[in-house]
Structures are given as C-alpha cells and as structure tokens.
Protein chains: 2
Amino acid sequence: MVTYGGGVTDDDLVFKALADPTRRFLLDLLFQRDGRTLKDLESGLEMTRFGVMKHLKILEDAGLVVTRRSGREKLHFLNPVPIRIIHDRWIDKYREREVSALLALKAELEEKDGS
Amino acid sequence: MVTYGGGVTDDDLVFKALADPTRRFLLDLLFQRDGRTLKDLESGLEMTRFGVMKHLKILEDAGLVVTRRSGREKLHFLNPVPIRIIHDRWIDKYREREVSALLALKAELEEKDGS
DNA sequence: TTGACAGGTGACTAAATGGTCACCTATGGT
DNA sequence: ACCATAGGTGACCATTTAGTCACCTGTCAA
C-alpha cells in the first residue's frame, strides 16, 4: 500500500538537502576525503562562511553528514545510508540487475570511445 | 578532481525533481505499477489536473519518467537509471558493502521486533 | 589575559517554486 | 457530425529558499 501523508517527513529533509548544487558539491568533497572542517570546506567555494555553514547544517539535519567536535574545530563526515535508502525505494532486485548491466555497458563503450 | 561549475547541469534536473513530495509519490505509484495515464495518476492525488501535469513534466524532463503515446492517452513509465547514478556518485564498493550489511541487519531486527 | 581564530545565531532581501485558473488542441465513440 | 474525454499552454499569486550581514560564543597560544 502506497500512501501520501502531509507534513514534513524524514525523507523530505534528505531530498531537500540534495536539491542544491552547492550541497551536492560539499558531499562530493567529503566523498573524496572525510573529516574536514568548515574552514577547509569553505575555501573550496566562492561563498561566504555563513552560506557554507547554512548548507552544512541542512546536510547534517538530513543525516547526510555527521560531525564530531575536536577542540574548537568541527569535523564533517559523509553518511551514505540515506543515499542507499533512496536507491532501494525505487530500484528492486529485478531493476537493479538490468540497470547495473546497462550502466556497465555504457561505461565500457565510453572507455573505448574516449568520450 | 572534483569541480563545481555554475549553470543548470543535467543532474540538477533530477535532484530538483526529487525534491518535491508529490513527485516522489508519483514515482511510488509508477514503481508499484507502470504505464499509467495522467487521469489515473491524478485520481490518487488531492490536486488539480494541472498540478499533476506540471509535476509529471518535471519528472519527464529529468528523465525519471519516460512516456509513450497511445491514441489520446499518454502512458508513463518509471526510469530507474538516474536513481542508480545518484547511488554510484556517493557510494563506492567499500561503502556499499558496509551499508547493505547495516540495512539488512536493521531490517532483520525490525522483523523480529514488529516495529 | 589578551588577541587571533573557529564556529554559531537571527534578521533581512532577492530569486525560485508549487499550485490554480482561463483557455486551447486532438482523439474516440455513437 | 457531434460531444465527451484526455491532454496541453501561459499567466498569475503565495510560499519557500539561497545568500549576506551585524553581532555573539568558545578555544588555543604567546
């Protein structure tokens, strides 16, 4: 049974968080290397510290980023669990087999082709 | 190398499309059963036909939904490829192993528990 | 203990987004 | 031919959201 309730649900925070390119870029940076500080992340973006902080808060509230304090610094880590849950919502075992095969084929072709 | 360019990129359409609960619900409906018409999908929502149509257009532009015309009807199908691409962006082989195990364990516990 | 540094809050403005409506086109049945 | 049905467009309004700034708190080192 599929239902559609109103109000702010848990997954809503995740999808809203992913909707902004700056936040996705922050996730990319953390995917590349974990445990960064705000200062570190800020230096890679053309935006004030406040903007970046706001984005990090949204990512943290959504559970996509988890943090740990160390002295006066705050370290940020990527949490992949919500991403996997999104995947499992619309991709079942059958589709997963098909899609992985398709993407693998695509990657193989592009390797030969160069584009 | 991770870069962060401006402008509207391809994946931007996908994430923006997923950011709305009504659109996610539409994907849920199509995940449950493919090949529905606008009329069909509209009947499950408390919204005017125009609202639903707008949402379907956004999903279609993002490539999350593909369509086929049949007479005066337009049939809608779920395309799982963009979802899988999101997954692969932030979940590599190592993390995938860990996360799947974690979620499987969680599902097992909740089965016994009932919650 | 004083100054520099890392992080945090609330208010504000400009732009993007969700939803509706009046109006239009095309297909199918009788 | 006719009318009901399925789908489509552009304009419009209310709400949400991204980004900045003035100002505040806590930590480290000399």
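Please read all numbers here as calculations on a predicted model, not as lab measurements.

What counts, and at which threshold
Residues numbered from 1 in each chain as written. Chains lettered and ligands numbered in written order. Predicted model: local features only at pLDDT ≥ 70, side-chain atom pairs only at ≥ 80, totals over all residues. Heavy atoms only, no water. 1 Å grid on protein atoms, 1.4 Å probe; cavity = no way out; pocket = protein on both sides within 12 Å on 5 of 7 lines; lining within 4 Å. Points joined across faces, edges and corners; volume = space filled by probe spheres on them. Helix = DSSP H or I, 4+ residues; strand = E, 2+ residues; numbered from the N terminus. Nonpolar A, V, L, I, M, F, W, Y, C, P; charged D, E, K, R; others polar. Contact = heavy atoms within 4.5 Å. Buried area = accessible area lost by both parts, 1.4 Å probe. Salt bridge = Lys/Arg side-chain N within 4 Å of Asp/Glu carboxyl O. Polar contact = N/O pair within 3.5 Å; in protein donor to acceptor, adjacent residues only side chain to side chain. Core = buried A, V, L, I, M, F, W, Y, C linked by side-chain atoms within 4.5 Å. Buried < 20%, exposed > 50% of the residue type's maximum accessible area, 1.4 Å probe, protein only. Near = heavy atom within 4 Å. Expected span 1.5 Å × (residues − 1). Arc of directions from axis to C-beta. Least-squares fit on C-alpha atoms with pLDDT ≥ 70 in both.

Caption draft 1: Molecular detail of the layout of surface pockets. Residues and elements named next belong to chain A. In this structure, the largest pocket spans a volume of roughly 250 Å³. Taken together, 13 residues line the largest pocket, and the ones lying closest to its centre are Thr37, Leu38, Met53, Lys74 and His76. If you list the elements that add at least two residues to the lining of the largest pocket, you get helix H3 (38-42), helix H4 (49-61) and strand S2 (73-78). Looking at the lining of the largest pocket residue by residue, the classes come out as three nonpolar, two polar and eight charged.

Caption draft 2: Representation of the interface of chain B and chain A in the model. With 38 residues of chain B at the interface, the matching set in chain A holds 38 residues. Carbon and sulfur atoms supply 67% of the area that chain B and chain A bury against each other, a total of about 3800 Å² over both sides. Among the salt bridges present, the one from B:Glu96 reaches A:Arg84, with a minimum N-O distance of 3.2 Å. Connecting chain B to chain A are 16 residue pairs in polar contact (both at pLDDT 80 or more). For the side of chain B that touches chain A, the secondary-structure elements that each account for two or more residues are helix H1 (10-18), helix H2 (21-32), helix H5 (81-90) and helix H6 (93-113) of chain B.

Caption draft 3: Focus on the nonpolar core. Counting 46 residues, the largest nonpolar core has A:Leu18, A:Leu64, B:Leu18 and B:Leu64 as the members making the most contacts within it. Not counting the four nearest positions on each side in its chain, B:Leu64 is found in contact with B:Val14, B:Ala17, B:Leu18, B:Leu27, B:Leu59, B:Phe77, B:Leu78, B:Asn79, B:Pro82 and B:Ile83.

Caption draft 4: Molecular detail of the protein's contact with DNA strand D. Taken together, 21 residues surround DNA strand D, and among them A:Arg23, A:Lys54, A:His55, B:Arg49 and B:Arg72 come closest. Between A:Arg23 and DNA strand D, the recorded distance is 2.7 Å, taken from a side-chain N or O atom to a phosphate oxygen. One of the backbone nitrogen or oxygen atoms of B:Lys39 is found 2.9 Å away from a phosphate oxygen of DNA strand D. Among the elements of the structure, H4 of chain A together with helix H3 (38-42) and helix H4 (49-61) of chain B are those that each provide at least two residues to the surface near DNA strand D. By residue class, the composition of the surface near DNA strand D is five nonpolar, five polar and 11 charged.

Caption draft 5: Inspection of the environment of B:Phe77 at higher detail. All names here are of chain B. Following the sequence through the fold, Phe77 ends up in strand S2 (residues 73-78). Classification of Phe77 by relative accessible area gives partly exposed; the value is 22%. For the pair Phe77 and Val65, spaced 12 residues apart in sequence, the C-alpha to C-alpha distance is 5.5 Å. When sequence neighbours within four positions are dropped, the list of residues in contact with Phe77 reads Leu30, Asp34, Gly35, Leu64, Val65, Val66 and Arg68.

Caption draft 6: Just the protein's contact with DNA strand C, in detail. Of all residues adjacent to DNA strand C, which total 21 residues, the nearest are A:Arg49, B:Arg23, B:Lys54, B:His55 and B:Arg72. Side-chain polar atom of B:Thr48 to a phosphate oxygen of DNA strand C: 3.0 Å apart, as the coordinates give it. The side chain of B:Arg72 places a nitrogen or oxygen atom 2.9 Å from a base oxygen of DNA strand C. The set of elements that each furnish at least two residues to the surface near DNA strand C consists of H3 and H4 of chain A together with H4 of chain B. Each residue belonging to the surface near DNA strand C can be placed in one class, and the counts come to five nonpolar, five polar and 11 charged.

Caption draft 7: View of H6(B). The first and last C-alpha atoms of H6(B) sit 30 Å apart over 21 residues, in line with the 30 Å expected at 1.5 Å per residue. Those residues of H6(B) that fall on the buried side of the exposure criterion are B:Arg95, B:Glu96, B:Val99 and B:Leu103. Within H6(B), the buried residues cover an arc of 95° as seen down the axis, which keeps them to one side. Exposed residues lying more than 90 degrees from the buried face of H6(B) are B:Lys93, B:Tyr94, B:Arg97, B:Glu98, B:Leu109 and B:Lys112. Of the surrounding secondary structure, the elements contacted by the buried residues of H6(B) are helix H2 (21-32), S2, helix H5 (81-90) and helix H6 (93-113) of chain A together with H5 of chain B.

Caption draft 8: Highlighting the relation of the copies chain B and chain A. With an axial shift of 0.0 Å and an RMSD of 0.0 Å, the rotation relating chain B to chain A amounts to 180°. The operation mapping one copy onto its partner corresponds to a two-fold rotation axis. Comparing contact sets, 100% of the residues at the interface of chain B also lie at the interface in chain A, consistent with an isologous, same-surface contact.

Caption draft 9: Geometry of the environment of B:Val66. Residue and element names in this part refer to chain B. For Val66, the position within the fold is in strand S1 (residues 65-70). Given the relative accessible area of 39%, Val66 is considered partly exposed. The contact partners of Val66, leaving out residues within four places of it in the chain, are Leu75, His76, Phe77 and Asn79.

Nothing here speaks to function; it is geometry throughout.
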